[in-house]
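What follows is each chain in one-letter form.
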Amino acid sequence: DAMVIQNPRYQVTQFGKPVTLSCSQTLNHNVMYWYQQKSSQAPKLLFHYYDKDFNNEADTPDNFQSRRPNTSFCFLDIRSPGLGDAAMYLCATSDPGTSGSWETQYFGPGTRLLVL
Amino acid sequence: GIQVEQSPPDLILQEGANSTLRCNFSDSVNNLQWFHQNPWGQLINLFYIPSGTKQNGRLSATTVATERYSLLYISSSQTTDSGVYFCAVEETSGSRLTFGEGTQLTVNP
């Protein structure tokens, strides 16, 4: 089945130690998104790629970076995790329709990050 | 930016009961999606419904775009329906989904 895969499902890191979360998709969608979701809150968009074009949200901290080496994979790098970065990180994909709408977004299972 | 309000914030039901969740949005939208987030954190697409009515089993949704609201109906609720239901909209300027704060649904046996 076509899907969005995130690894690992749980990640523990130390304060200040760089960490990378990965996302892959078999849907062949042009757009890939990274969201941060803290406890009891709605998902918050960090950035997205439309093909190779990177689009950063204005309020995304510089501590968060992303790479998309090819259509299938996208990575979230947190350069110096702080305690406040502990959250669920969700990857999503979509394929813009001919209408220009971003159409349905499909989410992966998420990676829960714990910062010690 | 666009504002998305969901109500009620919390809902507790007995198994078998019906419920209606509401999503109001403050501006015109290109699309609207309903998601269910299960206890393990997975966001599952329920409906892509910029307008009109759709049904999928015990769930149905209606969006009245001209009046800027959407409703999600859950009939004959089951304990597996528990979780958080999110409404998310895409502004006409495009490129991102804005989520509401969600409705926490608990279905008791």
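This text gives an overview of the structure that appears in the document.

Helix and strand counts for chain B come out as 0 helices and 11 strands. Listed N to C, the secondary structure of chain B is β-β-β-β-β-β-β-β-β-β-β in terms of helices and strands. In terms of C-alpha radius of gyration, chain B reaches 13 Å, essentially the compact-globule figure of 13 Å for 109 residues. Within chain B, the fraction of its 109 residues that count as buried is 50%. Long-range contacts, defined as pairs at least 24 residues apart, comprise 56% of the intrachain contacts of chain B with a sequence gap of at least 6.

Our next topic: the pairing of strand S11 (residues 103-108) of chain B. All names here are of chain B. Here S11 shows one buried face, formed by Thr103, Leu105 and Val107, and one open face, formed by Gln104, Thr106 and Asn108. Judged from the 3 bridges that link them, strand S9 (residues 83-91) and S11 form a sheet pairing that is antiparallel. By the bridge assignment, Val84 is partnered in S11 with Gln104.

A few words now on the state of the cysteines. All names here are of chain A. Applying the stated criterion across every chain yields a total of 2 disulfides over all chains. Bridging Cys23 to Cys91, the disulfide has an S-S length of 1.9 Å. Disulfide Cys23-Cys91: torsion about the S-S bond near -75°, hence left-handed. You can see Cys23 sitting in strand S3 (residues 19-25) and its partner Cys91 sitting in strand S9 (residues 87-94), a full 68 residues away along the chain.

With that out of the way, let us pick up the side chain of A:Asp77. All names here are of chain A. Along the chain, the position of Asp77 falls in strand S8 (residues 73-78). Here Asp77 falls in the buried class, since its relative accessible area comes to 14%. Separated by 2.7 Å, the side chains of Asp77 and Arg67 make a polar contact. What Asp77 contacts, discounting residues up to four positions off in sequence, is Val19, Thr20, Asn63, Phe64, Gln65 and Arg67.

For soluble globular proteins, the rule of thumb is that nonpolar side chains tend to be buried together. Residue and element names in this part refer to chain B. Core analysis: the biggest nonpolar cluster contains 22 residues, and Leu32, Trp34, Leu72 and Val89 have the highest contact counts within it. Within the residue set of this core, elements represented by two or more residues are strand S2 (10-14), strand S3 (19-25), strand S4 (29-37), strand S5 (43-48), strand S7 (59-64), strand S8 (69-74), S9 and S11. Excluding residues within four positions of it along the chain, Leu32 makes contact with Cys23, Phe25, Phe47, Tyr48, Ile49, Pro50, Thr63, Ser70, Cys87, Ala88 and Val89.

We now examine the interface of chain A and chain B. Every contact between the two is made by 22 residues of chain A and, on the other side, 20 residues of chain B. Interface area for chain A against chain B, summed over the two sides, is near 1600 Å², with a carbon-plus-sulfur share of 49%. Inspection of the chain A/chain B interface yields 5 residue pairs in polar contact (both at pLDDT 80 or more). It is strand S4 (residues 31-37) of chain A that provides the largest number of residues to the side of chain A that touches chain B, a total of 3 residues.

Here the focus is the pattern of salt bridges. Residues and elements named next belong to chain A. The full count for this structure, using the stated rule, is 4 salt bridges over all chains. The salt bridge partner of Asp59 is Lys44, with a shortest N-O separation of 3.3 Å. Of the two residues, Asp59 sits in the loop between strand S6 (53-56) and strand S7 (64-67) while Lys44 sits in strand S5 (residues 44-50), which places them 15 residues apart along the sequence. Given the relative accessible area of 30%, Lys44 is considered partly exposed. With its nearest N and O atoms 2.7 Å apart, the salt bridge here joins Arg67 to Asp77. Taken together, the residues Arg67 in strand S7 and Asp77 in strand S8 connect sequence positions 10 residues apart.

All names here are of chain A. A grouping of Val12, Leu114 and Leu116 is seen on the molecular surface, where their side chains present a nonpolar patch of about 290 Å² in accessible area. Mapped onto the secondary structure, Leu114 falls in strand S11 (residues 111-115). Given the relative accessible area of 43%, Leu114 is considered partly exposed.

The rules behind the values
- Residues numbered from 1 in each chain as written.
- Chains lettered and ligands numbered in written order.
- Predicted model: local features only at pLDDT ≥ 70, side-chain atom pairs only at ≥ 80, totals over all residues.
- Heavy atoms only, no water.
- Helix = DSSP H or I, 4+ residues; strand = E, 2+ residues; numbered from the N terminus.
- Rg over C-alpha atoms; globule rule 2.2 N^0.38 Å.
- Buried < 20%, exposed > 50% of the residue type's maximum accessible area, 1.4 Å probe, protein only.
- Contact = heavy atoms within 4.5 Å.
- Pairing = 2+ DSSP bridges.
- Disulfide = S-S within 2.5 Å.
- Polar contact = N/O pair within 3.5 Å; in protein donor to acceptor, adjacent residues only side chain to side chain.
- Core = buried A, V, L, I, M, F, W, Y, C linked by side-chain atoms within 4.5 Å.
- Buried area = accessible area lost by both parts, 1.4 Å probe.
- Salt bridge = Lys/Arg side-chain N within 4 Å of Asp/Glu carboxyl O.
- Patch = residues over 30% accessible without salt bridge, like charges linked within 9 Å, V, L, I, M, F, W, Y side chains within 5 Å.
- Areas by Shrake-Rupley, 256 points an atom, 1.4 Å probe, with all protein chains shown as cover.

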